[in-house]
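Each chain, written out:
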Amino acid sequence: MIHVEGLTKYYDELCAVDHINLDIKTGEIVGLLGPNGAGKTTTLRMLTGYFQPSDGDIQVKEFSIHENPLAIKRLIGYLPESAPLYKGMIVYDYLDHVARIRGLAPEAKQKRLKELADMCGLRDIMHKTIETLSKGLKQRVGLAHAMMSDPEILILDEPTSGLDPNQIIEIREIIRKIGEQKTVILSTHILSEAEATCDRIVIINKGKIVADGNTQELTAGKGHERHIQIGLLGADADAVRDRLKTINGVKSIDATAGGMAKETRATVICQGEKDIRTDLYTAIKQTDWVLVEMTQETQTLETIFRELTREN
Ligand code: ATP
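Residues numbered from 1 in each chain as written. Predicted model: local features only at pLDDT ≥ 70, side-chain atom pairs only at ≥ 80, totals over all residues. Heavy atoms only, no water.

## As for the overall build of the chain
Regarding its fold elements, the chain presents 11 helices and 14 strands. Over its C-alpha trace the chain gives a radius of gyration of 25 Å, far above what one expects of a compact globule, namely 20 Å for 312 residues. Seen along its three principal axes, the alpha-carbon backbone of the chain occupies a region of about 85 × 45 × 35 Å. Buried positions account for 47% of the 312 residues belonging to the chain. Contacts spanning at least 24 positions in sequence make up 68% of the contacts within the chain whose residues lie at least 6 apart. When the accessible surface of the chain is split by element, carbon and sulfur atoms take 48% of a total near 16000 Å². Between the averaged position of the 39 positive side-chain charges in the chain and that of its 46 negative side-chain charges there is a distance of 3 Å. (Helix = DSSP H or I, 4+ residues; strand = E, 2+ residues; numbered from the N terminus. Rg over C-alpha atoms; globule rule 2.2 N^0.38 Å. Buried < 20%, exposed > 50% of the residue type's maximum accessible area, 1.4 Å probe, protein only. Contact = heavy atoms within 4.5 Å. Areas by Shrake-Rupley, 256 points an atom, 1.4 Å probe, with all protein chains shown as cover. Lys, Arg positive; Asp, Glu negative; His and termini not counted. Charge placed at Lys NZ, Arg CZ, Asp CG, Glu CD.)

So this is what it looks like as structure tokens:
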């Protein structure tokens, strides 16, 4: 549904988005995850047609952002980080106003306002003034605005930023529900948010895509570092380092001896797909050391994120 190729954005000398390629299928909920300044908002703004790319192309269905920007805008609903609402208006009047701007006929308008009130949980606040609403409720009104013309694609920039835990869960539930029928792209720098809401996570760092997949794929990803903790009795730290570093797949070893238990502790950092625990065990068995512990640390999305965006 969305094909992004070589998408690039410069702000003067600064390359905020650096030749990214991305394909998004109909019905996916995709999370753009990255530290502050990674280029998420800039990417979303180019997708919505708000910013012209410096280079590259965006195709949505059969349309190109260069040739048919209006056709693409019609397919997209966009909720920026701070929803631009007329705060002095009553929710109903505001959404009625948005519906009229969007050209909905009176009958279609009534039907749509009812649907949006249900979809976004606005029934009880339709007659309240926007400025009296909590941030979570304002965000729901913003969502209803973005969904007014029943767009095929919904783009959300940091949709839960600044909300309390209950409001976050409510907004996530609404997004997941919308995602059952629509293609959703959202940005976040909160890992748990991406994990809880998205089918697929695209990690962006310094304007480049550094990982792409679901949580399972990302944590099992080839090439990621894995850490294996080893505890040995009767072993000298230097000897442990010398012996284990020769094993294929070991990247580095940090070994320290001593302590009350006279146990040598080693952290073996390995890289690659192969599980090297058997090789470690075999190498240790050939010595008179006593193996008292061997644990492979599980990779979480958090450790992957830190590994990929460490310099930030
Ligand atoms: P955040 O989570 O902090 O919003 P982000 O991942 O959305 O970050 P962007 O807002 O896209 O990142 O910013 C990417 C880089 O471009 C940053 O270095 C930022 O300072 C810079 N930048 C963003 N908008 C502009 C602008 N209008 N003019 C100049 N530089 C900008």
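There is more to say, and it comes next.
## Comments concerning the site of the ligand
Looking at the ligand, the residues that line it are Y11, L14, A16, P35, N36, G37, A38, G39, K40, T41, T42 and E158. Within the side chain of N36, one N or O atom sits 3.3 Å away from an oxygen atom of the ligand. The separation between an oxygen atom of the ligand and a polar main-chain atom of G37 is 2.7 Å. For the ligand, the protein covers 60% of the area, taking 630 Å² as the surface of the free molecule. Only β2 (14-24) and α1 (40-47) provide two or more residues apiece to the shell around the ligand. Looking at the shell around the ligand, the element that brings in the most residues is α1, giving three residues. When the residues that make up the shell around the ligand are grouped by side-chain class, the tally is five nonpolar, five polar and two charged. (Near = heavy atom within 4 Å. Polar contact = N/O pair within 3.5 Å; in protein donor to acceptor, adjacent residues only side chain to side chain. Nonpolar A, V, L, I, M, F, W, Y, C, P; charged D, E, K, R; others polar.)

## Quick notes on the packing of helix α3 (residues 91-101) against helix α4 (residues 106-119)
Look at α3 against α4: their axes get within 10 Å of each other, and the N-to-C directions meet at 130°. As judged from the angle between their axes, α3 and α4 are oblique. For the pair α3 and α4, the sense of crossing is right-handed. Residues Y92, L95, D96, A99 and R100 of α3 form the contact with α4, whose own contacting residues are K109, Q110 and L113. (Axes fitted to C-alpha atoms, helices over the stretch in contact; angles between N-to-C directions. Parallel < 35°, antiparallel > 145°, perpendicular 65-115°, else oblique. Left-handed = near helix turned anticlockwise from the far one by under 90°.)

## Brief notes about the packing of helix α5 (residues 135-146) against helix α6 (residues 165-179)
Put simply, α5 and α6 touch, their axes get as near as 9 Å, and they point 15° apart. In terms of orientation, α5 and α6 fall into the roughly parallel class. For the pair α5 and α6, the sense of crossing is right-handed. Here α5 contributes K135, G136, Q139, R140 and L143 to the contact with α6, which in turn contributes Q167, E170, I171, I174 and I178.

## Things to note about the environment of H227
Following the sequence through the fold, H227 ends up in strand β11 (residues 225-233). Spatially, the C-alpha atom of H227 lies 47 Å from that of D150, the residues being 77 residues apart in sequence. Not counting residues within four places of it along the chain, the set of residues in contact with H227 comprises T267, V268, I269, T295, Q296 and E297.

## A short note on the sheet that holds strand β4 (residues 55-60)
Taking strand neighbours across the sheet as the criterion, the four strands line up as β2-β1-β4-β5 in an open arrangement whose pairing is antiparallel. The open sheet has two edge strands with one neighbour each: β2 and β5 (63-64). Here β4 pairs with β5 via two bridges, running antiparallel. Note on β5: the bridge partner recorded for Q59 is S64. Strands β1 (2-11), β2 and β4 of the sheet are contacted by α1, whose axis makes an angle of about 120° with β1. (Pairing = 2+ DSSP bridges.)

## Quick word on the environment of R200
Here R200 shows up in strand β9 (residues 200-205). Sequence spacing of R200 and R310 is 110 residues, and the spatial spacing of their C-alpha atoms is 21 Å. Separated by 2.7 Å, the side chain of R200 and the backbone oxygen of D23 make a polar contact. A distance of 3.0 Å separates the side chain of R200 from the side chain of E28, its partner in a polar contact.

## Points about the packing of aromatic side chains
Here a ring pair, both rings aromatic, is described through the centre-centre distance and the interplanar angle of the planes. A complete count under the given rule lists three aromatic pairs for this structure. A centroid spacing of 5.3 Å and a plane angle of 45° characterise the contact between Y50 and F51, whose relative ring orientation is tilted. Taking the relative accessible area as the measure of exposure, Y50 reaches 57% and is therefore exposed. Taken together, a centroid distance of 6.0 Å and an interplanar angle of 75° make the contact between Y86 and Y94 edge-to-face. Directly above the ring of F51 sits K9, whose terminal nitrogen or CZ lies 5.1 Å from the centroid. (Phe/Tyr/Trp six-rings, centres within 6.5 Å; stacked < 30°, edge-to-face > 60°. Lys NZ or Arg CZ within 6 Å of the ring centre and 35° of its normal.)

## Brief notes about the pairing of strand β3 (residues 29-33)
Along a regular strand, successive side chains alternate from one face of the sheet to the other. The element β3 is extensively covered by neighbouring structure, given that five of its five residues are classed as buried. Neither face of β3 is open: one carries I29, G31 and L33, the other V30 and L32, and all of them are buried. By the bridge criterion, five bridges tie β3 to strand β8 (residues 183-188) in an arrangement that is parallel. Each bridged residue has a counterpart across the sheet, and for G31 the counterpart in β8 is L186. Note that β3 and β9 share four bridges and pair parallel. Note on β9: the bridge partner recorded for G31 is I201.

What is shown is where atoms sit, not what they do.
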